[in-house]
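Each chain is listed here by its residues.
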Amino acid sequence: MKFRHLAALCVLTLPLTPGCDGATFEDSPGSGGTDGGSDGPTPGENDLLIDDFEDGDVSAAIGGDWFSYTDQDASGASTVTDPAELIAGTGHDSAHALAIDFALDQGAYTYDPFVGVSLAIPGAVDVPKYEGITYWFQGAAHTVRFETTDITDYDYYVMSVPASTTWKQVTIPFSQLAQAGYGTPVEWSPELLGTLAWHVVAADGTSGALQLDDVWFLESAPIDRGPKNLVIRDAEPPVKDVLEDVAIPGALQLKAMAQLNRGYNLTNWLESGRFDGTFAFDESYVEKLAAAGFQGIRLPIDLDLYVDQTSGSGDAMTLTLNDDLWTVLDSFAEWTDTHGLSLTIDYHQYDHDWSFGDAAGVDRAVALWGAVATHFAANPRDDIYYELLNEPELSTGASGILPASSWTPVAQRMIDAIRVPDDTHTIIFGDVNWYGIEQLSARTPFADGNIVYAFHSYEPFIFTHQGADWAQMATTHDVPFPYTPERWSEYSSDFGLTTAQPNWIWDNFANYYKNGTVEAMYNRIVQAKRWGVENGVPVICNEFGAYERRSRLEDRVNYYRELIGAFAELEIPWQSWFMIMDDQGQVIPEYVEAFRLDP
């Protein structure tokens, strides 16, 4: 798993799973729910009814009309109740409710399909007068999106609400809203609220229903800290693992430490979409990285976006490639050579346009590596690296951990395709389970002796991913590193946890007094190094990092200092995933010491 700043594609197309700090979820009395069975706030004379649907039509009480939408404008094929049929059934203690039935069909859309229902807020409504909203619902899990007009990349303030088979009241204080986290941070501006949307996104083939009733703006929406459901404990770190000898004989380990250590990923660009003729990172940026003390660049790029035509199949497949690919790769080869940095070409994609069950897609990926290796075979530089396929599950869209038996033969075909024209340049291989350490440690190395083995490290996960919508942790915040009882709380709400988060996240919080420690982080990394020592092969951590949106700088500095220290002790080269440079291309001052950067 890794950090993702997904590029906004078009309105209402991004899959979101965030929650909301301080939001309350109350069951209707007698509903048999599990959240206490008590009513939330009862709207009063100073609150504003948005709609109770009792008039039986799609016109809202505050003005404007409710409408439904689907992903069909984004090449999806989902269907939803027609707007004229929205008002149906029995509401919460009333005769009417807004109701939609839906069937999600991904069609040609890249991401999970979606539908929703929304209301444009009339300009006459004085939204800053209010502190939040409340509404009743039953049915599907959904995200409430507060779409302000100053947000142009669709990174709206949002919250997620889990499904309920009974009527449940939801109260959302504005003061506790958070952006989903993949776009530009924008200060919450209630006066710019343009649209409220109830957004349903789920796996292809999902069908269901959602009913809304009694939607209000609240003049007062106090934050409910909720129950004391965490425990403050003394830290209980595991015993630090000891590796007596970290030496790996041979020239490849020395080469990896000299060329791949202090590496930097150029993220959120060519892995997210095709090169458009503009360099988001140009030679001046490469020069700044070199000046900052970095020694290598990892270039994530979706190679198959540059295939114009294929012919044949299997190992006999041939490709026609667009010249844009060589424009990009040759530019970075030239720039890194000029400024003394290594270059890793990382086949890295998000669009899931092939899987291991797609024979033609696999053939294309294999042929791509043959073409890239042919292009660079005569290049005398020994510091150009070929990384076969970043996180196979991520690249191919697998819903769970892939078996090594699926990935290994494909990787071997890629290695063979590279070695036909190029037996010189080094290959980088990462394993299944998103470059998991456990899976790598169970592997027998390939026969090719010119391979460096990669793993990714994002533990402790609830620290590194706090605030990340793609990890279902958009609302989490202020998780310390390392764990200390002084910074812990008995209230899960103090960390932004809600009932929207799955059990595994709650389990991580419950065990953070053990797993959120320096020793626990170290012990995972030493497992990879021990495997490298036992097999005489170099290992690299070419992705790690802590998401900045809702974590504290002091904690990130602690995390990086300890992690980089572990890499140094174990002689493991590293390449940072998350941006640690400011807008001017300078390393954030607090990070210079933590990363041991000595220009």
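Fair warning: this is a prediction, and the values are worked out from it, not measured in the lab.

## Thoughts on the sheet that holds strand β10 (residues 157–161)
Argument step 1. Strands sit in the order β3-β7-β13-β9-β10-β12 across an open sheet of six strands; the sheet is antiparallel. Two strands lie at the open edges of the sheet, namely β3 (66–70) and β12 (178–179), each paired on one side alone.

## So, helix α12 (residues 518–535)
Argument step 1. The end-to-end C-alpha distance of α12, which contains 18 residues, comes to 26 Å, matching closely the 26 Å that a straight helix rising 1.5 Å per residue would cover.
Argument step 2. Here α12 has its buried residues at A520, M521, Y522, N523, I525, V526, A528, K529, W531 and G532.
Argument step 3. Contact partners of the buried residues in α12: α1 (251–259), α8 (437–441), β22 (451–457), α11 (512–515), β23 (539–544) and α13 (553–570).
Argument step 4. A positive backbone phi angle near 65 degrees is found at G536, which sits one or two residues after α12.

## So, unusual backbone geometry
Argument step 1. Following E459, the chain continues to P460 via a peptide bond in cis, the omega torsion being 0 degrees.
Argument step 2. With respect to the helices and strands, the residue P460 is situated in the loop between β22 and α9 (461–464).
Argument step 3. Cis geometry is adopted by the peptide bond preceding P482, which originates at F481 and carries an omega value of -5 degrees.
Argument step 4. The phi dihedral of N268 falls on the positive side, at around 60 degrees, and the residue is not glycine.
Argument step 5. Among the residues examined, N268 registers a relative accessible area of 27% and is labelled partly exposed.

## Thoughts on the packing of aromatic side chains
Argument step 1. A full pass over the atoms with the stated rule returns 51 aromatic pairs.
Argument step 2. On the numbers, 5.2 Å between centres and 65 degrees between planes, the contact of Y157 with W188 is edge-to-face. Taken together, the residues Y157 in strand β10 and W188 in the loop between β12 and β13 (193–201) connect sequence positions 31 residues apart.
Argument step 3. You can call Y157 buried: its relative accessible area is 9%.
Argument step 4. The exposure class assigned to W188 is buried, which follows from its relative accessible area of 18%.
Argument step 5. Summarising the aromatic geometry, the rings of F544 and Y560 are spaced 6.3 Å apart at their centres and angled 65 degrees between planes, so their arrangement reads as edge-to-face. Residue F544 is found in strand β23, and its partner Y560 is found in helix α13; the two are separated by 16 residues along the sequence. Note on accessibility: F544 and Y560 belong to one class, buried.

About the thresholds
- Residues numbered from 1 in each chain as written.
- Predicted model: local features only at pLDDT ≥ 70, side-chain atom pairs only at ≥ 80, totals over all residues.
- Heavy atoms only, no water.
- Pairing = 2+ DSSP bridges.
- Helix = DSSP H or I, 4+ residues; strand = E, 2+ residues; numbered from the N terminus.
- Expected span 1.5 Å × (residues − 1).
- Buried < 20%, exposed > 50% of the residue type's maximum accessible area, 1.4 Å probe, protein only.
- Contact = heavy atoms within 4.5 Å.
- Phe/Tyr/Trp six-rings, centres within 6.5 Å; stacked < 30°, edge-to-face > 60°.

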